[in-house]
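The lines below spell out each chain.
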Amino acid sequence: MNESDLTWAISICLILFISLTYSVYRKSRNNSLRVLFLITLISTITMFTIWEWPLDKGTLGNFPYIVLLILVPAELTFLFLRRISALSPIWLSMGLWHMSRNPFQYSWIVLLLVLVTGMGILSTTVGGTLNRSYDERILYDVGSDIRVTKMLMHRSRDITKINKQFEDIPGVKSVSFGLRSEGSLSSHSAGSFELLALQPEKFKGMSWYRDDFSEKDLSGVMDTLKPPNFKGPIPIPDDAISIGLWIKPKEVYPKFYLWLVIEDAHGSVKTLTLGNPGKPEWHFQDHEIPANLVRPLTLVSVQVFEPAFGPGGTSGEILLDNIQVKTGDKNDPFILEDFESSLDWIPLATSPLAKDNLSTSNADVYAGAFSGLFVFGKDTDRGIRGFYRSSTGGPVPVVSSLPLLRSAGININDSLIINVFGKLIPVIIVDYVYNFPTMDGPGNKFLLVDIDNLLRHINILSPTSNVYPNEMFIKEVGNPDYSVYESIAQEIGSFSRIKDRQSQLRAIDLDPLITMGWKALMLSLIHI
């Protein structure tokens, strides 16, 4: 006999012994023998369970062992109830005896109790789940205490002034701007997506968020949108009166115009036209800095414009040196960029296949050991080519939704070019999320980005038609007050829309078909 056969034989013997012991126990009238048989039964069932517990079987395989484990507690419970029956009140004993003799006359009462109990469980569990679902839909849609959408662009030009205007409203704690738009991936077939640009530091302190929306918490997701500290745009001295550079084109480009793009303290971008690059020899070109720009100023981009569209431009090369400003009455210029060290400039994205390049060259210089060499192809973005100082040190960091990653076949740390507001923006995927408040577009495909980084990239390409925030998230102080809602409505006008979290939650609580309906049902059940 092998080990398996021996195990089965022992198990069968234990089962037979348990059955015999229980049969003798039930027929015995001697209390001492009943106690002895009960102890024997408990010991035998314990031995059998330890010997043969089927860890690798399913629920049906475990059923006989569960029955054996319940057998002894059930018998002890029966003995306990029979003992205390003599001590129970007469009304309880008589009622139970009547029910045992004629149970059918009490069946309707029992059925009613079962129905009321079931409805009570339904109203407290399913009803509570549905109430939470409705509440979280509102929290997801609004994103903060108050969300303002469809803001007029011209009202958002001076972001600092608008921010102070709303934060001065009594009951408002903080304000965060956002920009929502549609976009597309230039070199992928994933179709369109929704883009939301945010102020990460402010937004993470005012938005509702759920743990299952992403692998990280909201603070971690927002931190990924902030790039490491790079140099960014070049500061221009406050007393600068003009700006220019030394230039030497490879040949005469009769349809070209040289631009310098500067940004003021309010984020407004201004393009200064230096004119045609001229003859293929070193010469200086400059332009007076407009007095109406709010200081301090920064130099963000050097551009070449040609009346062309798409790949219809002229390829070529231009040498540049000593970008400088003239300050006050001083004769010596202040050098902004001499191209003598490593370059922090990045070519503008004109198409997914463009290979424009800026490098240093020592073959032909105006001053020092190196000059800048800008080599460009035929691709243009509405006639514009050039290079700029990126605050991110490269492509703009973005967080993608998981459905967008899957549909486009892209991964974390992939670089690509997106088309937003008709402009090409280089981005890099730094993280992904499953869901994000306020994002409910088709297919749940969206990108999140830092609004300052995005606007700087967009506006340097089209200074005459700048893009500004079109949404606003507001956090209230303490308990929300309806007067805050009214004050905001007066400030934004009739075109914009306001979504107030508190008023929508209050409407859900008073809806007779939702929260109030479940509460009324529970009260009626308690009355029954």
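Residue positions are given per chain, counted from 1 along the sequence in the order it is written. For a predicted model such as this one, the threshold for reporting local features is a pLDDT of at least 70, and the threshold for listing and counting side-chain atom pairs is 80 or more; totals across whole chains, interfaces and linings nevertheless cover every residue. Calculation of side-chain values draws on the structure's entire complement of heavy atoms; hydrogens and water are dropped beforehand.

When DSSP finds at least two bridges between two strands, those strands are taken to pair. Helical segments are the DSSP runs of H or I of at least four residues, strand segments are the runs of E of at least two, and each set is numbered from the N terminus. Sheet topology places strand S2 (residues 172-185) next to strand S17 (residues 415-420); three bridges connect them, and they run antiparallel. Of the residues in S17, the one forming a bridge with serine 184 is asparagine 419. As paired elements, S17 and strand S18 (residues 423-433) share six bridges and run antiparallel to each other. When the sheet's bridge partners are listed, isoleucine 418 is paired in S18 with isoleucine 425. Hairpin connection between S17 and S18: a loop of two residues separates the two successive antiparallel strands, and phenylalanine 421 in this loop has a positive phi of roughly 55 degrees.

Right, let's get into the nonpolar core. Ranked by size, the top nonpolar core spans 30 residues in total, and within it Ile236, Ile243, Leu245, Ile262, Leu299 and Val302 carry the most contacts. In this structure, Phe193, Leu404, Ile418 and Leu455 belong to the second largest nonpolar core, which totals 25 residues. Here, nonpolar core means buried Ala, Val, Leu, Ile, Met, Phe, Trp, Tyr and Cys residues that are tied together by side-chain atoms lying within 4.5 Å of each other. Only protein chains enter the area calculation, which uses a 1.4 Å probe; residues under 20% of their type maximum are buried, those over 50% are exposed, and those in between are partly exposed.

Before going further, it helps to spend a moment on the environment of proline 352. When you line up the elements, proline 352 lands in the loop between strand S12 (345-347) and strand S13 (357-361). For the pair proline 352 and isoleucine 418, spaced 66 residues apart in sequence, the C-alpha separation works out to 9.0 Å.

Below, the discussion takes up the packing of aromatic side chains. When the centres of two rings from Phe, Tyr and Trp lie within 6.5 Å, Trp using its six-membered ring, the rings pair. Their planes under 30 degrees apart give stacked, over 60 give edge-to-face, and anything left gives tilted. Counting across every chain of the model gives 17 aromatic pairs. Aromatic side chains phenylalanine 203 and phenylalanine 436 sit 5.7 Å apart centroid to centroid with 25 degrees between the ring planes, which places their arrangement in the stacked category. Residue phenylalanine 203 is found in helix H7 (residues 200-203), and its partner phenylalanine 436 is found in the loop between S18 and strand S19 (446-450); the two are separated by 233 residues along the sequence. Taking the relative accessible area as the measure of exposure, phenylalanine 203 reaches 0% and is therefore buried. By relative accessible area, phenylalanine 436 is classed as buried at 0%. One aromatic cluster in this structure is built from Tyr140, Phe203, Trp208, Tyr209, Phe213, Phe436 and Phe473. Positioned above the aromatic ring of tyrosine 134 is the side chain of arginine 137, whose terminal nitrogen or guanidinium carbon lies 5.2 Å from the ring centre. Each ring is checked for a lysine NZ or an arginine CZ that lies within 6 Å of its centre and within 35 degrees of its normal; such an atom marks a charge sitting over the ring.

Within the secondary structure, threonine 380 is located in the loop between strand S14 (371-376) and strand S15 (384-389). Polar contacts involving the side chain of threonine 380 include one to the main-chain amide nitrogen of glycine 383, which spans 3.2 Å. Contact definition: two residues touch when any of their heavy atoms are within 4.5 Å. For threonine 380, the residues in contact, after removing those within four places along its chain, are Ala308, Phe309, Gly310, Gly313, Thr350 and Arg385. Definition of a polar contact: a pair of N or O atoms within 3.5 Å, with one able to donate and the other able to accept a hydrogen when the atoms are protein atoms, and with sequence-neighbouring residues admitted only if both atoms are side-chain atoms.

Our next topic: unusual backbone geometry. That bond from arginine 295 to proline 296 is cis: its omega, 5 degrees, falls within 30 degrees of zero. Residue position: proline 296 is located in the loop between strand S8 (283-288) and strand S9 (297-305). Not every positive phi belongs to a glycine, and lysine 150 is a case in point at roughly 55 degrees. Along the chain, lysine 150 falls in the loop between strand S1 (146-149) and helix H6 (159-167). Its identity is not glycine, yet threonine 438 carries a phi of approximately 75 degrees, on the positive side. Looking at where threonine 438 falls in the secondary structure, it is placed in the loop between S18 and S19. A residue is classified by how much of its surface remains accessible, and threonine 438, at 3% relative accessible area, is buried.

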